[in-house]
Amino acid sequence: MTISIFRQNATIGSGIRSRYRDWLDRRLPPARTVTLTQKQIFIFPTRVGFGFIFVLTIMLIAGINYENSLIYGVTFLLGSIFVASILHTFHNLSGLTISGVEAHPCFAGELAEVELMLSREGEKYYENVVLRWNQSAPVVGDIIYDKEKRVKVYIKTNQRGVMKPDRLLIETYYPVGLLRAWTWLDMDMPIVVYPKPKAGGELA
């Protein structure tokens, strides 16, 4: 009975993930160059953000209960900071252009190096923008003084052949960590993975 329930839950979870991937494919199709707009960016409070909202709710209830103007003022001030952080967090990804430069071949089992170009227009700058593939080390790509910046993101390979990487995660918690803005991009950059060479015997 327990095994049957586990399999049923796994099937449901697999179906949800499949529908989510299909929805991402329709909303964010593969592209070698992407400029992030409202269509590509998702934003949601972090765990700290939800805690912040909870504390503000308690403070508001206390202000109503005790009819204390000072509590009202502090609550509304902190609430306005939260609202302003929504705009700043979204703004820290909006308008950023990500271009695929080159996917370097490697041997099976090694980390494949993928070069990306981050660029901006105007005087807008980007801070604490994190890029990574699933189960790979994150790379921070800030653009403050330059118009563009080349970053190298690594992804682990397992089998030989032409590897199609999963979607690239780009996220930011800037400026205060109350919200997380992110996107999943299919950079359409296949990677050639060569067979892993075997150690040869001693030369005669």
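Note that the structure is predicted; figures quoted are calculated from it, not measured. (Residues numbered from 1 in each chain as written. Predicted model: local features only at pLDDT ≥ 70, side-chain atom pairs only at ≥ 80, totals over all residues. Heavy atoms only, no water.)

1. Topic: the packing of aromatic side chains
- Using the criterion set out here, one finds five aromatic pairs in the structure.
- Judged by centre distance (6.1 Å) and plane angle (15 degrees), the rings of Phe52 and Phe82 are stacked. One end of the pair, Phe52, is in helix H2 (residues 47–66); the other, Phe82, is in helix H3 (residues 69–91), and 30 residues separate them in sequence.
- Assessed through its relative accessible area of 12%, Phe82 is described here as buried.
- Judged by centre distance (6.0 Å) and plane angle (15 degrees), the ring pair of Tyr72 and Phe76 falls under stacked. Here the residue Tyr72 and the residue Phe76 both occupy positions in helix H3, the gap between them amounting to four residues, near one helical turn.
- Since its relative accessible area comes to 26%, Tyr72 is described here as partly exposed. (Phe/Tyr/Trp six-rings, centres within 6.5 Å; stacked < 30°, edge-to-face > 60°. Helix = DSSP H or I, 4+ residues; strand = E, 2+ residues; numbered from the N terminus. Buried < 20%, exposed > 50% of the residue type's maximum accessible area, 1.4 Å probe, protein only.)

2. Quick look at the sheet that holds strand S9 (residues 161–163)
- Strands sit in the order S4-S12-S9 across an open sheet of three strands; the sheet is mixed. Both edges of this open sheet fall to strand S4 (106–107) and S9, since each of them pairs with a single strand only.
- Judged from the two bridges that link them, S4 and strand S12 (residues 191–194) form a sheet pairing that is parallel. Along S12, the bridge assignment pairs Phe107 with Tyr194. (Pairing = 2+ DSSP bridges.)

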